[in-house]
Amino acid sequence: MSTLEGMGVAPAQTVILGDRFARELAEMAIPWQAEKATDPRLLVLNEPLAVELGLDPEWLRSTEGLQLLVGNLVPEGATPVAQAYAGHQFGGYNARLGDGRALLLGELTDVNGRLRDLHLKGSGRTPFARGGDGLAAVGPMLREYVVSEAMHAMGIPTTRSLAVVATGRSVHRETLLPGAVLARVAASHLRVGSFQFAGSTGDVHLLRRLADHAITRHYPDAATAERPYLALFDGVVGAQASLIAKWMLVGFVHGVMNTDNMTISGETIDFGPCGFMEAFDSATVYSSIDHDSRYAYGNQPTVAEWNLARLAEALLPLFHDDQEQAIALATQSLGGFRRHYTAAWSGGMRAKLGLPDSRTDEVSTPLVKDLLALLENNRVDHTTFYRDLAAFARGNTEPIRGKFLNLPAFDSWAARWLALVPDADLMDRVNPVYVPRNQLVEQALAAASEADLDPMGCLLDAVTRPYVERPDLAAYAAPASDDFGGYQTFCGT
Ligand code: AMP
Ligand code: MG
């Protein structure tokens, strides 16, 4: 434990950072320091999150606060570390990945008593950097900020973003870009790849300590289960099944579902080339490096299950002394993924369609299946569809009918759906109006790179209150189109 007392004219702040990971799992933690930021400038601060963490937003804005947010001020006694992990990247195994450009500053206890990791991304090279420069550019860090906060606002478990601070460093990509550090908050940064790393050392004691650490932090009930490590695995399977179902329901495409980008907590992590599907299409891919469409929208549940099989492999020595029996137990547990996923997704689809839970699967399953085919064939925007469908239920039929080339097919589907007496208000509580659409994000990032942060502010305003339609934000609700434009004029900030 360590404390930091703010001095001088700025408000004082005590920051207490635990070093539990660094202490309990020293083999997976390299003590390290952030690179010096020459000219730190705050680009965006998440004030509600700061308050939740017990941090004074005013102090975070101060010179000293900014130093903390870029890793140049380490609370006394804290042990920032680069975490080791392995991972399958696009199916290929890499035994040593780790935080190449990130640091775990330590664990904070928030105002609700929850332990949260405070972590920096873009804070300079570490021993895991391999060929990388250890840096991050402003654009991708702001992208992670806005997308993660949008996910949170939609009730989807995710790492959170506390701040993005421009460092004053330049980053060489295709061009020279301004550098930034993202301060990120997570239930933990334990990944499937963390277990692959521990497993691959052959040190069962390390693996057990890692599993015990994960149980304490995320699945405390597993500690008293008959088979604690199998219960841990069951917990992760359930959390990931529920998470992926939520992604699918909002049309989120993660883009890089490598095992090092999949958490044990069940939070979404590492927002790179991700996006929200517009025209419904299972083959939607956003990552330009995903040549085989491995991480396409429609593949995500299968990929998650594959990743969980890699987690099970790593945990096998803890499941049973007899490896045959360990495999049998793991296989049985992994079988729970499809059940969990299908239940979570089907329930979510019923809510999206305003159908009460009492509507049995026999009624809703064929209806949903036919709808998805209809959406795919007519290339209908995934997000606006469900809001327009609620309007349709209320008698405003034209917006949605304008979306379908094959109107008779829609009308006949809609008649079947209306016969089930959908609840339009329920629909509007679960179907977002505003998601961070790629075109909007790109426009906001382009403006930010010209030092204009207003479009980012507008976009954040829209996506962090996603369910209430606001007429002045109409442009933020629309899918990208050729005549899409003038978006910067819609918000007055
Ligand atoms: P990501 O694609 O961000 O999940 O990162 C995959 C791996 O590459 C992780 O081990 C990162 O730490 C590392 N990495 C990504 N970008 C950089 C960079 N610019 N410098 C050093 N390491 C990096
Ligand atoms: Mg990653």
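Quick note: structure is the one above.
Residues numbered from 1 in each chain as written. Chains lettered and ligands numbered in written order. Predicted model: local features only at pLDDT ≥ 70, side-chain atom pairs only at ≥ 80, totals over all residues. Heavy atoms only, no water.

A.B. asks: Please explain the overall build of the protein as it appears in this structure.
C.D. replies: Helix and strand counts for the protein stand at 19 helices and 11 strands. For 493 residues, the compact-globule estimate of 2.2 N^0.38 gives 23 Å, and the protein sits close to it at 23 Å. In the protein, buried positions account for 56% of the 493 residues. Pairs at least 24 apart in sequence give 69% of the contacts found in the protein among residues at least 6 apart. Accessible area of the protein: about 19,900 Å², with a carbon and sulfur share of 54%. Of the side chains in the protein, 41 bear a positive and 58 a negative charge, and the two mean positions are spaced by 2 Å. (Helix = DSSP H or I, 4+ residues; strand = E, 2+ residues; numbered from the N terminus. Rg over C-alpha atoms; globule rule 2.2 N^0.38 Å. Buried < 20%, exposed > 50% of the residue type's maximum accessible area, 1.4 Å probe, protein only. Contact = heavy atoms within 4.5 Å. Areas by Shrake-Rupley, 256 points an atom, 1.4 Å probe, with all protein chains shown as cover. Lys, Arg positive; Asp, Glu negative; His and termini not counted. Charge placed at Lys NZ, Arg CZ, Asp CG, Glu CD.)

A.B. asks: Which parts of the structure should I look at to understand the coordination of the magnesium ion (ligand 2)?
C.D. replies: Octahedral metals with six donors have ideal donor angles of 90 or 180 degrees. Tetrahedral metals with four donors have an ideal donor angle of 109.5 degrees. Coordination of the magnesium ion (ligand 2) by the protein involves Asn261 (OD1) and Asp270 (OD), with metal-donor separations of 1.9 to 2.2 Å. There is no split in this pair, since Asn261 and Asp270 are both buried. (Donors = N, O, S within 2.8 Å, 3.2 Å for Na, K, Ca; no water.)

A.B. asks: How should I be thinking about the site of ligand 1 in this particular structure?
C.D. replies: In the region of ligand 1, 17 residues are neighbours, and Gly98, Gly100, Asp133, Gly134 and Asn261 sit closest. At a separation of 2.8 Å, a nitrogen atom of ligand 1 approaches a polar backbone atom of Gly134. Protein chains shield 79% of the accessible area of ligand 1, which is 480 Å² for the free molecule. Class assignment for the residues of the shell around ligand 1 results in 4 nonpolar, 6 polar and 7 charged. Two domains each donate at least three residues to the shell around ligand 1, and these are domain 1 (3-18 + 29-186) and domain 2 (190-196 + 218-433 + 477-493). (Near = heavy atom within 4 Å. Polar contact = N/O pair within 3.5 Å; in protein donor to acceptor, adjacent residues only side chain to side chain. Nonpolar A, V, L, I, M, F, W, Y, C, P; charged D, E, K, R; others polar. Domains from an automatic or database assignment.)

A.B. asks: Before we go on, may I ask you to explain the pairing of strand 8 (residues 160-172) in this structure?
C.D. replies: The side chains of a regular strand alternate, first on one face of the sheet and then on the other. The element strand 8 is largely enclosed, with a buried count of 10 among its 13 residues. By the bridge criterion, 4 bridges tie strand 2 (residues 41-45) to strand 8 in an arrangement that is antiparallel. Each residue of the ladder has a partner; that of Val44, found in strand 8, is Val164. When strand 8 meets strand 9 (residues 176-186), the two strands line up antiparallel, connected through 9 bridges. Bridge pairing in strand 9 links Val164 to Leu182. (Pairing = 2+ DSSP bridges.)

A.B. asks: Please explain helix 5 (residues 138-153) as it appears in this structure.
C.D. replies: Side chains of residues three or four places apart in an α-helix project in the same direction, reflecting 3.6 residues per turn. Compared with the 22 Å implied by 1.5 Å per residue over 16 residues, the 23 Å span of helix 5 between its first and last C-alpha is a close match. In the segment just after helix 5, Gly155 is the residue with positive phi, at about 75°. (Expected span 1.5 Å × (residues − 1).)

A.B. asks: When you look at the packing of helix 8 (residues 228-250) against helix 10 (residues 323-334) in this model, what are you seeing that I'm missing?
C.D. replies: In a pair of packed helices, the angle between the axes and the distance between the axes together describe the arrangement. It is at 10 Å that the axes of helix 8 and helix 10 come closest, and there the two elements cross at 25°. The angle between the axes of helix 8 and helix 10 places the two elements in the roughly parallel class. Both helix 8 and helix 10 take part in a crossing whose hand is right-handed. Here Leu230, Phe233, Asp234 and Val237 of helix 8 lie close against helix 10, whose contacting residues are Leu329, Ala330, Ser333 and Leu334. Here the residues of the contact of helix 8 with helix 10 are counted per class, giving 6 nonpolar, 1 polar and 1 charged. (Axes fitted to C-alpha atoms, helices over the stretch in contact; angles between N-to-C directions. Parallel < 35°, antiparallel > 145°, perpendicular 65-115°, else oblique. Left-handed = near helix turned anticlockwise from the far one by under 90°.)

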